[in-house]
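Residue-level structure breakdown
Chain residues, written in single-letter form:
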Amino acid sequence: MTRVYDWIGISRSVSRLIEELMGKWKTRLEIWNGKDKVTSRWIQILCGFLQGDSYSPVGFCISEIPVCILLQHSRGYRMGGPGNCLVSRTHSLFVDDLKVYQESHLALETVNDTIVQASHDTGACYGISKCSEIIFKNGKMVRGEGLQVLEERMKTMDPDENKSYKFLGIKQADGIRTKAVYKRVMEEVSKRIELLTKTELNDANLIKAINTKVIPAATYVMNVCKFTIAELKELDQIVKKELRRKYMLGRQASDERLYLKRERGGRGLKSMRDAYKETRLRVACYMATSTNKWIRAAWRREQNKEENAIIVESMLTMNEVGVQLRFEDDSIRLDDEVMALEEEYKATWKKVKMSLQKATETKRIEIYKTKVQQSQFYSEQEEECHTWLKQNLHGRKTSSIMMMLEQMVETKSWKVSRGLTQDKRCRVCHERDETIEHIIAGCKVLANSEYLSRHNRALMIMAVNWAKDYELVDQEMIWYKERWERGMVLENDRGKLIWDFEFNLRKTTTARRPDIILEDKKKKKIWICDMAYPQ
C-alpha cells in the first residue's frame, strides 16, 4: 500500500501516518448462544482492510488506481455506429465491482493477465470464484471457455442455462434482466413497508419514512430499467394494501388526496408512477447536459432512436401534464424558456423538476374536483383548513378523518348512491337522510349523548389547565381520564371552578346553565363561559 501511495505522489508523512494507524487495527468476535454472549480476545489485523473503519473504502479505491490506469491503455470496446466508432470503453468500476470490456477473447485474456499481475503487485486478492466471463458475437450471448487465472479457470456464462450476474445490484446477462430486477424490487418494497407500518410513527413521519426508505428501493433501478404502467401500479398497490391492512388508508380513499402535498390537503405520499417519471426525466436531463464522452455517445444513440427512447418518454411525461418539453441539439426548451446545454445540470433539472411537480399537482387537484361527492368539502376549504394534517396524529386517525371529509363512510346515503339499498333514512332517528353531516351534527337522538360528550371532552382541556393554574387539582391530572359530574365545584383560597351548574331562575330565562364558571378570588373576577363546539 505504501508503494502505491508513493507512486501516486501522496506525501510521505501522510503515508507514514496511515501505515501507523493501520498497524493499530484490531477487532473482537462475539458469539451468541441464546442469551449468553462469548467475546474473543482482541485480534490484530495483519493484512487487508478493516471493515467498518472510515478509511477502508478510501484506501481500497486508492489501491485500485494502478489497475485502472493499466486498463485505460488497453483497446477496450469501441462505441458508435458503423464507421463512427470514435469512443472506446475499457472498464466500469465501483469500489470492488469491476467490469472489463474488450473486443476479442484474446484481448480479454491479455487484459486479465494484466489485472492479475497488477493486483498481485498492489497486494490485492483476485476473487476468482466471484468472477465470470460473458461473450457476445454479433449481438448475441454465446458460451465461452472461461479465462485462465493462475491455476484456476474462471466460470463462463451459458445462455442456455439462463444465468445472470449482478453489477451494482442489478442482474444482467444479454442485457438487463428487467423481470428479475422487478421481482426483487417488489420483495424489497413489501419488506420495507411492512417494517415501517409496525412502528408507532405519527402519520406525517410515517409518510416521510415511506418516501425516504421505500420509494428509493424502486427508484434506484428505474435509472436503467424501463417499467410498464401496470408494473408501477402494482408497486403502488403493495404500499396501499399494507396501509389498508393496518387501517391507515380507507378502502374508498381517493388516490389524488393520498398523493397531494399536506399543504394542499393531501397526505404527501409519493407514488411510484410519479417517482418513475421524475427519475427517467432526470436521467434525460443529465445525459443532455453531460460533457462525458461516453454519456454523449449514449445520448446520440438515444437521439437516433424512433421508439422507446428516453427522449420520447420524457417529452410524453411532460405533455401529459400540459408542459411542452423539447430536447434540441444545443438547448432544452421548456414551454417558452430556452436552457442552453452548457448550463449546469443541477440548475436545469431543478427548473424541469419544479415545472413537472407543479403541473402534476395542479392536474391532480383538477381530477379530484371532478369527483363531486369526495371533493365537496375540499372545494369549500382554504389552505388554512389543512393545518391539522401537520399535527401529531396516528395514521389510523388521519385515515378516519379523511374518509369522513371525503364522505366515503358507508352510510345509508353512500349505499343508495351506489345502488346497494333504497332506504337512506337515519337508522337512529329515522327522520332525515343518513349522511356524514347528519351523523356528526344533525341527529336529535345523539344530541344529548354523543354530541354532549364530545363537547365536554373539548371543554375539559381548558377546565383542567385552569384548575392546575389555581392549584385546584393535582398537577399530574390528565384531562381525558377525568369524568366530572354536573354541578361539581372545586374551590380553595385562590379560585373557584363550577362545572355545568344550573341556576334557579325564572323559567322564562333560558340561559341559566353555563358550561363553566371560573372565579379569581384575589383579583375579584368571575368568568361565565359557554362553549360552542365546532362541528
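Predicted model, so just to flag it, every value in this text is computed and none were measured. (Residues numbered from 1 in each chain as written. Predicted model: local features only at pLDDT ≥ 70, side-chain atom pairs only at ≥ 80, totals over all residues. Heavy atoms only, no water.)

A word on the packing of helix α8 (residues 229-245) against helix α10 (residues 272-289). When two helices pack together, their arrangement is captured by the angle between the axes and the distance separating the axes. Following both chains from N to C, one finds α8 and α10 inclined at 130°, their axes separated by 8 Å at the closest point. Comparing their axes, α10 and α8 come out oblique. Taken together, the residues of α10 that come into contact with α8 (itself represented by I229, L232, L235 and D236) are M272, R273 and Y276. Residue classes in the contact of α8 with α10 are distributed as five nonpolar, no polar and two charged. (Axes fitted to C-alpha atoms, helices over the stretch in contact; angles between N-to-C directions. Helix = DSSP H or I, 4+ residues; strand = E, 2+ residues; numbered from the N terminus. Parallel < 35°, antiparallel > 145°, perpendicular 65-115°, else oblique. Contact = heavy atoms within 4.5 Å. Nonpolar A, V, L, I, M, F, W, Y, C, P; charged D, E, K, R; others polar.)

Within the fold, E302 resides in helix α11 (residues 293-304). A relative accessible area of 13% places E302 in the buried class. Once the C-alpha coordinates of E302 and A284 are considered, the two residues, 18 residues apart in sequence, prove to be 9.6 Å apart. With residues near it in sequence (within four places) discarded, E302 still touches M287, A309, I310 and I311. (Buried < 20%, exposed > 50% of the residue type's maximum accessible area, 1.4 Å probe, protein only.)

In terms of nonpolar packing, the biggest core is built from 36 residues, with V189, I210, F227, V239, L243 and L269 touching the most fellow members. Of all the elements, helix α7 (residues 203-222) adds the most residues to this core, at ten residues. Setting aside residues no more than four positions away along its own chain, L269 makes contact with I207, I210, N211, V239, L243, L258 and Y259. One finds V321, L325, I332 and W349 within the second-largest nonpolar core, a separate group that totals 24 residues. (Core = buried A, V, L, I, M, F, W, Y, C linked by side-chain atoms within 4.5 Å.)

Glancing now at helix α15 (residues 395-405). Restricting attention to buried positions, one finds in α15 the residues G395, T398, S399, M402, M403 and L405. Buried residues of α15, seen end-on, are gathered within an arc of 160° and therefore sit on one face of the element. Trailing α15 by a residue or two, Q407 shows a phi angle of about 60°, which is positive. (Arc of directions from axis to C-beta.)

Now for the pattern of salt bridges. A complete count under the given rule lists 37 salt bridges for this structure. E491 serves as the salt-bridge partner of K521, at 2.6 Å between the closest nitrogen and oxygen. Taken together, the residues span a long stretch of sequence, with K521 in the loop between β23 (516-520) and β24 (525-529) and E491 in strand β21 (residues 488-491) at a distance of 30 residues. Using a relative accessible area of 47% as the deciding quantity, one classes E491 as partly exposed. Taken together, the shared-partner salt bridges in this structure form one network comprising R75, R78 and E103. (Salt bridge = Lys/Arg side-chain N within 4 Å of Asp/Glu carboxyl O.)

A separate point is the packing of aromatic side chains. By the definition in use, this model includes nine aromatic pairs. Seen in terms of ring centroids, W484 and W499 are 5.3 Å apart; in terms of plane orientation they differ by 90°. Their pairing is edge-to-face. Here W499 lies in strand β22 (residues 495-499) and W484 lies in the loop between α18 (444-469) and β21, a separation of 15 residues in the sequence. Here W484 falls in the buried class, since its relative accessible area comes to 12%. Taken together, a centroid distance of 5.0 Å and an interplanar angle of 85° make the contact between F501 and F503 edge-to-face. (Phe/Tyr/Trp six-rings, centres within 6.5 Å; stacked < 30°, edge-to-face > 60°.)

Take the sheet that holds strand β18 (residues 325-327) next. Read across the open sheet, the three strands follow the order β18-β19-β20; overall the sheet is antiparallel. At either margin of the open sheet sits one strand with a lone partner, and together these are β18 and β20 (337-340). Strand-to-strand, the axes of this sheet are offset by a mean angle of 15°, without reference to chain direction. Pairing between strand β19 (residues 331-334) and β20: four bridges, direction antiparallel. If you follow I332 over to β20, its bridge partner there is M339. (Pairing = 2+ DSSP bridges.)

With that settled, the discussion passes to the pairing of strand β7 (residues 91-94). Sheet topology note: the β7/strand β8 (residues 97-100) ladder contains four bridges and is antiparallel. Bridge assignment links H91 to a residue of β8, and that residue is V100.

A separate point is the sheet that holds strand β17 (residues 175-176). Read across the open sheet, the three strands follow the order β15-β16-β17; overall the sheet is antiparallel. Looking at strand neighbours, the two that pair on one side only are β15 (165-167) and β17, the edges of this open sheet. With three bridges joining them, β15 and strand β16 (residues 170-173) adopt antiparallel strand pairing. Across the sheet, residue Y165 finds its bridge partner in β16, namely Q172.

Together, W7, I8, I65 and I69 line one region of the surface with nonpolar side chains, adding up to about 340 Å² of accessible area. Structurally, I65 can be placed in helix α4 (residues 65-72). Overall, I65 belongs to the partly exposed group, its relative accessible area being 32%. (Patch = residues over 30% accessible without salt bridge, like charges linked within 9 Å, V, L, I, M, F, W, Y side chains within 5 Å. Areas by Shrake-Rupley, 256 points an atom, 1.4 Å probe, with all protein chains shown as cover.)

All right, on to the side chain of E278 then. Summarising the element assignment, E278 is placed in helix α10. The class for E278 is buried, based on a relative accessible area of 11%. Once residues lying within four places of it in the same chain are set aside, the contact partners of E278 are K270, W349, K353, L356 and Q357.

Let us now look at a positive patch on the surface. Taken together, K166, K171, K183 and R184 make up a surface patch of like positive charges. By the element assignment, K183 lies in helix α6 (residues 178-197). Since its relative accessible area comes to 54%, K183 is described here as exposed. (Lys, Arg positive; Asp, Glu negative; His and termini not counted. Charge placed at Lys NZ, Arg CZ, Asp CG, Glu CD.)

Turning our attention to the state of the cysteines. In total, this model carries zero disulfides according to the counting rule given. C285 forms no disulfide, and the closest cysteine sulfur to it belongs to C225, at a distance of 20 Å. Using a relative accessible area of 0% as the deciding quantity, one classes C285 as buried. (Disulfide = S-S within 2.5 Å.)

Another aspect to go through is the confidence of the model for the chain. The share of residues in the chain with pLDDT of 70 or more is 99%, and the mean pLDDT across the chain is 87. Per-element mean pLDDT across the chain ranges from 76 in strand β12 (residues 148-149) up to 95 in α8. (pLDDT = per-residue confidence, 0-100.)

Our focus in this paragraph is the pairing of β23. Working note: regular strand, side chains alternate between the two faces of the sheet. Burial runs high along β23: four of the five residues are buried. As defined by bridge partners, β22 adjoins β23 across five bridges and the pair is classed as antiparallel. In the sheet register, W499 faces β23, and the bridge partner there is I516. As defined by bridge partners, β23 adjoins β24 across five bridges and the pair is classed as antiparallel. Pairing of D520 across the sheet is with K525, part of β24. The hairpin turn running from β23 into β24, its antiparallel successor, is four residues long, and K524 in that turn takes a positive phi close to 55°.

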